[in-house]
Amino acid sequence: MKISTSPSAISDQKKDAVIVFFQGSENLLPAGDAALKKEIVTLLKKSAFKGLAGQTALFPWNGKQLILAGVGAAEHFHNGLLEQAAAAAVKAGVAAGLKSFVVSSTIKLKGLSEADHQLLVGRGAAWGTYAFSAFKSDAKKVPATSLVFCGAIKDRSAVGAAEAQGAALVDTANLANLPGNEAHPEKIADWAKAMAKESGLTCQIMGKAELEKKGCDGILSVARGSARDARMIILKHKGSDPKAKPIVLVGKTVTFDSGGISLKPGKGMGWMKYDKCGGMAVLTAMQMIARMKVKVPVIGILGAAENMPGSRATRPGDIITAYKGKTVEVLNTDAEGRLVLMDALGLAADMKPRAIVDLATLTGACIVALGSSAAAILGNDQKLVNELIENGATAGERLWQLPLYNDYTEDMKSDFADLANLSKSGGAGTATAAAFLQEFVPKDIPWAHLDIAGTAWLESSKPHQAPGATLFGARLLARWISSQG
Ligand code: BES
Ligand code: MN
Ligand code: ZN
C-alpha cells in the first residue's frame with residue numbers, strides 16, 4: 001500500500017473512502033471538519049454501529065464512502081486495537097471494491113503521539129489489504145491501494161516507517177503462511193537470501209556440513225528424522241556506527257513440528273506449520289530495520305529445521321551435545337524448539353552482542369497462561385525486559401513477564417547429562433523452557449525470551465485479519481531497535 005500525506009482537509013480529498021475512528025460512540029477526529037462531524041451524528045442515529053473494537057460500518061457520503069471503525073471502550077484501550085481498527089476498515093473497504101483511503105493525520109486519543117498514530121494506522125491499513133491466496137484457484141488479483149494522511153504534518157518519518165513496515169509484513173506473510181511441504185528449511189533460506197538482497201541486508205547460510213563442523217548438534221538432532229536438512233540463516237544489518245555492538249535477534253524456525261518420535265496427537269497438528277513464526281517475526285523485523293536505515297547494527301539468526309519421526313529421528317532418551325559442549329538428554333522430542341535455540345543462542349553469544357532477544361512458539365503452556373492476548377517475556381536483565389514490554393505496549397504487541405526462578409533451572413537438570421529438555425516436575429512449562437534457554441546465554445549478556453505460542457497466528461477470522469500468521473513480535477522489535485542510540 002502506498003502511503004502519503006496531504007495538507008488539505010479530509011473532506012476535500014477525492015478518494016474512494018474516508019476512515020473515521022470511534023471509541024465507543026465518540027468519534028476521534030481532531031478539531032475542525034464540522035460538516036463531516038454533523039453528518040456522522042445523523043448517520044449514527046440510524047445505525048447499529050457502536051464503535052466496538054473491530055466493528056466497522058460503511059456509508060455513502062459526498063460521492064465517496066465513509067468507513068467508521070471502532071477501537072472499543074476507553075477503559076479497555078491498548079494500541080493494538082487502533083492498528084486493528086485501521087486494518088479492519090481497509091479490509092472492509094477492499095471487500096467493497098474501494099482502493100484509495102484517507103484518514104486524519106492526528107487523532108483525539110490520550111497518551112498517543114502523532115507519530116505513533118501514523119505508524120499504527122498506516123501499518124494496520126497496509127495489513128488490511130493482505131490476503132493469503134497463493135493456493136486459491138479463484139483468487140482475485142489484489143488491486144493497488146493507497147492511504148493519505150490529511151492535515152498538517154510536522155515530521156513525515158512515521159508515515160515513511162508505516163509504509164516500509166507494512167510492506168515488510170505483507171512480504172513475509174507470503175512465506176509465513178506457506179505450509180510445511182512448501183516452506184522447508186532450504187526454501188526458507190532461499191526466501192531469506194532474496195529478501196536480504198532486496199532490502200540491503202547480508203545473508204549467510206549454514207547447511208548440514210557446516211553445522212556438523214561447528215558442533216551444532218541441537219538443531220541437527222531435530223532435523224534428523226526429516227528428509228529435509230536444517231539451515232542456520234544469519235542476516236546482518238550493518239547500521240551506521242561501526243564501533244557499536246550488535247543486537248542479535250534469534251527466531252525458532254521449525255518449518256513443521258510433528259513432535260517427532262514423541263508424536264503429537266492428530267487434532268490441530270496442521271497448525272504446526274506456524275512453528276516457524278519466531279523466525280518469521282525476526283525476518284520481518286530485519287527487513288523493517290534495513291528499510292528504515294536504523295543506526296545500530298542488528299543480526300538476525302533463524303534456526304530452521306523440520307521435526308519429523310523418520311527412522312533416523314532422535315529418540316527419547318538420546319543424549320546430544322549442544323554447540324559449546326553442554327550435554328542434553330532429550331526426554332521428549334516434541335520439546336524441540338529449545339534444542340534449535342540452544343545452538344542459535346550459543347552462536348549469538350559469540351557475536352559479542354549488546355543484547356540478545358529470542359522469539360519462539362515454544363510452549364503450549366504459554367497459551368494456557370495468556371491465551372492469544374499477550375506473549376510471555378522472561379529474561380536475565382530487568383532493564384531489557386522493561387524496555388521490550390514498554391515498546392510492545394506502544395507498538396500494539398502486549399508482553400507479560402513471567403519469573404525465571406532458580407527452581408526452574410534445577411527442574412531442568414538430568415540424571416544422565418548436564419540438562420534435560422523436559423522438566424522433572426511437569427509444572428511451569430513456559431518458565432522451565434526459558435530456564436533451559438538461559439543455560440546457553442552468558443550471564444553478562446542481557447537476554448530476553450519471548451514465547452509467542454499464543455500470538456503468532458490466528459485460527460479464526462477476525463475483522464482485521466483472516467486466519468494465518470500475525471508476525472507478532474516484528475512490530476515491537478522494530479520500534480525498540482529504532483529507538484536505540
Ligand atoms: N511448537 C510447540 C509449542 C506449541 C504448541 C506452540 C501449540 C503453539 C501451539 C513446541 O515445540 C512443543 O511441542 N512444546 C511442548 C513442550 C513439552 C513437550 C515440554 C508443549 O508445549 O507441549
Ligand atoms: Mn514441539
Ligand atoms: Zn515446536
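Up top is the structure these notes are about.
Reading the values: the criteria
- Residues numbered from 1 in each chain as written.
- Chains lettered and ligands numbered in written order.
- Predicted model: local features only at pLDDT ≥ 70, side-chain atom pairs only at ≥ 80, totals over all residues.
- Heavy atoms only, no water.
- Helix = DSSP H or I, 4+ residues; strand = E, 2+ residues; numbered from the N terminus.
- Buried < 20%, exposed > 50% of the residue type's maximum accessible area, 1.4 Å probe, protein only.
- Contact = heavy atoms within 4.5 Å.
- Expected span 1.5 Å × (residues − 1).
- Donors = N, O, S within 2.8 Å, 3.2 Å for Na, K, Ca; no water.
- Tetrahedral: all angles 85-135°; square planar, octahedral: opposite > 155°, others 65-115°.

By the secondary structure assignment, Gln65 is in strand β5 (residues 64-70). Look at Gln65 and you get partly exposed, because its relative accessible area is 23%. Placed 48 residues apart in sequence, Gln65 and Ala17 show a C-alpha to C-alpha distance of 4.5 Å. Those residues in contact with Gln65 that lie beyond four places of it in its chain are Asp16, Ala17, Val18, Leu58, Phe59, Pro60 and Leu98.

With that settled, the discussion passes to helix α8 (residues 277-291). The end-to-end C-alpha distance of α8, which contains 15 residues, comes to 21 Å, matching closely the 21 Å that a straight helix rising 1.5 Å per residue would cover. The element α8 is largely enclosed, with a buried count of 14 among its 15 residues. The positive-phi residue at the C-terminal boundary of α8 is Lys293, with phi of around 55°.

Here the focus is the coordination of the zinc ion (ligand 3). Binding of the zinc ion (ligand 3) to the protein goes through Lys252 (NZ), Asp257 (OD), Asp275 (OD) and Glu336 (OE), at separations of 2.0 to 2.4 Å. Taken together, the 6 donor atoms coordinating the zinc ion (ligand 3) span angles of 77 to 173° at the metal, a pattern that classifies the geometry as octahedral. In primary sequence terms, the donor set of the zinc ion (ligand 3) follows K-x4-D-x17-D-x60-E. In this structure, the zinc ion (ligand 3) is positioned 3.2 Å from the manganese ion (ligand 2), and both are ligated by Asp257. Highlighted residues: Lys252 in strand β10 (residues 247-257) and Glu336 in the loop between β13 (327-329) and α9 (337-350), separated in sequence by 84 residues. The same class applies to Lys252 and to Glu336, which are both buried.

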